[in-house]
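Geometric and topological summary
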Number of protein chains: 2
Amino acid sequence: MLKILISLVFVQAFAAQEKLISADLLKNSKAKDWRRIEQENLLYFKLPEGMVLIELAPFIARAHVARVKSLAREKFWDGLVIARVQDGYVVQWMDPKADKSDRKKFTGMNEALPPEFEAPQEFIKEEFTPLKDKDTYADQTGFIGGFAAGQDDKEKMAWLLHCYGAVGVGRDNAPKSGNGTELYAVIGGNPRPLDRNVAIIGKVVKGMEFLASLPRGHGEMGFYDKEQDEKPIKIPSIRLGTDVPEDERVVLEMLRTDTPLFKKWIEARRNREEEWFVRKAGKIDACNLSVPVRDAKEKK
Amino acid sequence: MLKILISLVFVQAFAAQEKLISADLLKNSKAKDWRRIEQENLLYFKLPEGMVLIELAPFIARAHVARVKSLAREKFWDGLVIARVQDGYVVQWMDPKADKSDRKKFTGMNEALPPEFEAPQEFIKEEFTPLKDKDTYADQTGFIGGFAAGQDDKEKMAWLLHCYGAVGVGRDNAPKSGNGTELYAVIGGNPRPLDRNVAIIGKVVKGMEFLASLPRGHGEMGFYDKEQDEKPIKIPSIRLGTDVPEDERVVLEMLRTDTPLFKKWIEARRNREEEWFVRKAGKIDACNLSVPVRDAKEKK
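Basis of the calculations
Residues numbered from 1 in each chain as written. Chains lettered and ligands numbered in written order. Predicted model: local features only at pLDDT ≥ 70, side-chain atom pairs only at ≥ 80, totals over all residues. Heavy atoms only, no water. Helix = DSSP H or I, 4+ residues; strand = E, 2+ residues; numbered from the N terminus. Rg over C-alpha atoms; globule rule 2.2 N^0.38 Å. Buried < 20%, exposed > 50% of the residue type's maximum accessible area, 1.4 Å probe, protein only. Patch = residues over 30% accessible without salt bridge, like charges linked within 9 Å, V, L, I, M, F, W, Y side chains within 5 Å. Areas by Shrake-Rupley, 256 points an atom, 1.4 Å probe, with all protein chains shown as cover. Salt bridge = Lys/Arg side-chain N within 4 Å of Asp/Glu carboxyl O. Lys, Arg positive; Asp, Glu negative; His and termini not counted. Charge placed at Lys NZ, Arg CZ, Asp CG, Glu CD. Contact = heavy atoms within 4.5 Å. Buried area = accessible area lost by both parts, 1.4 Å probe. Disulfide = S-S within 2.5 Å. Pairing = 2+ DSSP bridges. Axes fitted to C-alpha atoms, helices over the stretch in contact; angles between N-to-C directions. Least-squares fit on C-alpha atoms with pLDDT ≥ 70 in both. Polar contact = N/O pair within 3.5 Å; in protein donor to acceptor, adjacent residues only side chain to side chain.

Check the secondary structure of chain A and you find six helices and 16 strands. Against the compact-globule benchmark of 19 Å for 300 residues, chain A has a radius of gyration of 21 Å, which places it among compact chains. In terms of its C-alpha atoms, chain A occupies a principal-axis envelope of roughly 80 × 45 × 40 Å. The buried share among the 300 residues of chain A stands at 55%.

Set out below in structure tokens:
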């Protein structure tokens, strides 16, 4: 018995000093550490250069996500354009000549969307996995269902962060002016001052390079300009996964962010044990904490 | 006299409530609020798509900057390649087949460069303009000579930050293994965990889009792969401004970061007064605080 106890003590002492290396954690992960990305939350954004896949996050901007799904089902964006590519900031796609009468044929377009830039914490069922390090903008940051999120202590609200790859819904000056037809993706930096000002609906989980390497627009704010730019790039199609033929679907898994393994993942990223690092940061901010995505091993 | 005093009080009260808007600050800026970017610190990195201009920051990684200048003067990179483009991270250019005997013809290549990942604060003559908001990684952040920088309270060191557009010198695992021949630029996110691990030598001040929109490599870590990628992009030339014919020089000015105007600029970016913002962050991190660059009004 004593022997077993001693061994246990040794095992624990060893575990405390265990060097957590990201690559090893992934290699030793189990199937239960991953979650399937549901086709009903996956947007297939086809570009001439390749396919961009966006996972929708329905737990904060619910009405926005519902609207975007319905617009995708009705093929709203097919044949529209990438209207804006501002270096170090965002790519935006929309109908630059939208007139309201034409839009009215799409479901729900007469109802203004609520300003879902954040949501009360109590309304979110998904677990919030906190980070222990301080953040410039939020009282608390962490992850909800795979997405980088912030929380405040006083107002008890939660929101998604403007990290590289985040996808949101553009709006005019009025908070209630976003109708889901103008979408943008962050292609540089992590423009966190936008947090709580716009509805984030998801993030790019594959094909980010096809958005980030688009030619920049030379008009104001990176809009394509008739005189200075080539013709804006036309969008062949945007579809919801459930409308994509089964044999063309991409089946992906994301590392779950509510597991013991993810807590180790956080530590591995806070202190990079790889030999190259001469100074471990000992800290991590949510935008630098990548959540791995992989092709599903079993497609069904 | 009383009248004047009262006016002064009014003026001050008004000033305290003044809405600081970035665009107005720039419009009303004076010539003395800007500094000329010196040609001896400006790298002209020619790519087939366009010219990338990098301002070198000689006040931290002194030996690295001197080496890079000397390599540019000796045309080290001409005809070499972009070897790596990793989405959301870095572009790297170098000699992928470098062999030491061939490199020895370049000045100084027998001397290992010191690990100038940071420098003692007391050795830096340039003013440090601090930000008041907390940062995940550094005790203190701010700006030195136009560059986003960090400081620590205990070791009294200063370093440049890995923000979008930062340019550094690649190295192997040994801290003293960077020789100035492999350079990288940050093209996504703000990979701050790299801070104090690599020598940052400057930042892109113009033409960032030509680096950020390069096709991504499909090998490990974004290296171009013989099987999966087109041929790596060849570099026509990299030159120091002083070696560029006068009529081909680009004359730029950067907003000074050690002025009363810059303090207002910081406030304008902490609290965006533009009508679009429904929630002002009330905070700013150094990587989100862009330092404006403009074409010089007088070229001489």
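Okay, back to it.
All names here are of chain A. On the surface, a cluster of positive charge is made up of Lys97, Lys226, Lys231 and Lys234. Among the structural elements, Lys226 can be located in the loop between helix 5 (208-212) and strand 14 (237-240). With a relative accessible area of 83%, Lys226 lands in the exposed category.

What follows covers helix 6 (residues 260-270) of chain A. One turn of the α-helix equals 3.6 residues, which is why residues spaced by three or four share an orientation. Within helix 6 of chain A, the full set of buried residues consists of Leu261, Phe262, Trp265, Ile266, Ala268, Arg269 and Arg270 of chain A. Summarising the contacts, the buried residues of helix 6 of chain A are in contact with helix 2 (22-27), strand 7 (128-130), strand 8 (140-144) and strand 15 (252-255) of chain A.

Before going further, it helps to examine the interface of chain A and chain B. Residue-level contacts link 42 residues of chain A with 42 residues of chain B. Overall, the association of chain A and chain B removes approximately 3,800 Å² of surface from exposure, summing both partners, and the carbon and sulfur fraction of that is 51%. Of all residues in chain A, Thr136, Trp276 and Arg279 of chain A bury the most surface against chain B, accounting for 20% of the area lost on that side. Here chain A and chain B share four salt bridges between them.

Residues and elements named next belong to chain A. Enumeration over the complete set of coordinates arrives at two disulfides over all chains. Through a disulfide, Cys163 is tied to Cys287; the S-S separation comes to 2.1 Å. Between Cys163 and Cys287 the sulfur-sulfur dihedral comes to about -80°; the bridge is accordingly left-handed. Note that Cys163 is positioned in the loop between strand 10 (157-160) and strand 11 (166-169) and Cys287 in the loop between helix 6 and strand 16 (293-295), a separation of 124 residues in sequence.

All names here are of chain B. Along the chain, Glu18 falls in the loop between helix 1 (2-17) and helix 2 (22-27). Given the relative accessible area of 34%, Glu18 is considered partly exposed. Along the sequence, Glu18 and Lys30 sit twelve residues apart, while their C-alpha atoms lie 19 Å from each other.

On to the sheet that holds strand 16 of chain A, then. All names here are of chain A. An order of 1-15-16 is seen for the three strands of this open sheet, with the pairing classed as antiparallel. Every interior strand has two partners, whereas the edge strands, strand 1 (34-36) and strand 16, have only one. Across the sheet, the mean angle from the axis of one strand to that of its neighbour is 35°, orientation sign disregarded. Direction of pairing for strand 15 relative to strand 16: antiparallel, over a ladder of three bridges. Each residue of the ladder has a partner; that of Glu253, found in strand 16, is Arg294.

What follows deals with unusual backbone geometry. The residue Arg196 of chain A is not glycine, and still its phi comes out positive at about 70°. For Arg196 of chain A, the location among the structural elements is in the loop between strand 12 (183-186) and strand 13 (199-206). Residue classification places Arg196 of chain A among the buried residues on the basis of a relative accessible area of 11%. Even without being a glycine, Lys75 of chain B presents a positive backbone phi close to 60°.

Time to look at the environment of Val68 of chain B. Tracing the sequence through the fold places Val68 of chain B in helix 3 (residues 62-73). For Val68 of chain B, the residues in contact, after removing those within four places along its chain, are Leu43, Leu56, Trp77, Val169, Gly180, Leu183 and Ile201 of chain B.

With that settled, consider the pairing of strand 13 of chain A. Residues and elements named next belong to chain A. The element strand 13 is largely enclosed, with a buried count of seven among its eight residues. Sheet topology note: the strand 3 (residues 50-56)/strand 13 ladder contains four bridges and is antiparallel. Each residue of the ladder has a partner; that of Leu56, found in strand 13, is Gly202. Here strand 11 pairs with strand 13 via four bridges, running antiparallel. Bridge pairing in strand 13 links Ala166 to Lys203.

A few words on the relation of the copies chain A and chain B. The two copies are related by a screw motion: chain A maps onto chain B through a turn of 180° and a shift of 0.0 Å along the axis, at an RMSD of 0.0 Å. Given the turn and translation reported, the copies of this chain are related as if by a two-fold rotation axis. Both copies present the same face, since 100% of the interface residues in chain A are matched by interface residues at the equivalent positions in chain B.

Attention now goes to the side chain of Glu55 of chain B. Residues and elements named next belong to chain B. Inspection of the secondary structure assignment puts Glu55 in strand 3 (residues 50-56). Owing to a relative accessible area of 4%, Glu55 belongs among the buried residues under this scheme. Here the side chain of Glu55 touches Arg35 through a polar contact of 2.9 Å, side chain to side chain. Setting aside its immediate chain neighbours within four residues, Glu55 contacts Arg35, Ile37, Asn41, Leu42, Phe147, Ile201, Gly202, Lys203, Val205 and Met254.

Attention now goes to the pairing of strand 12 of chain A. Along any regular strand the residues' side chains alternate between the sheet's two faces. Residues and elements named next belong to chain A. Here strand 12 shows no split at all, with Leu183 and Ala185 on one side and Tyr184 and Val186 on the other all buried. In the sheet, strand 5 (residues 90-94) pairs with strand 12 via four bridges, with the strands oriented antiparallel. Considered in strand 12, the bridge of Gln92 is made with Tyr184. Bridge count for strand 11 against strand 12 is three bridges, and the pairing is antiparallel.

We now examine the environment of Arg35 of chain A. Relative to the assigned elements, Arg35 of chain A resides in strand 1. Once the C-alpha coordinates of Arg35 of chain A and Met254 of chain A are considered, the two residues, 219 residues apart in sequence, prove to be 5.5 Å apart.

So, about the sheet that holds strand 5 (residues 90-94) of chain B. Residues and elements named next belong to chain B. The eight strands are arranged 4-5-12-11-13-3-2-14 in an open sheet whose pairing can be described as antiparallel. Looking at which strands have only one partner, the edges of the open sheet turn out to be strand 4 (81-85) and strand 14 (237-240). The sheet shows a mean angle of 30° between the axes of neighbouring strands, taken without regard to direction. Sheet strands in contact with helix 3 are strand 2 (42-47), strand 3, strand 11 (166-169), strand 12 (183-186), strand 13 (199-206) and strand 14, and its direction is about 120° off that of strand 14.

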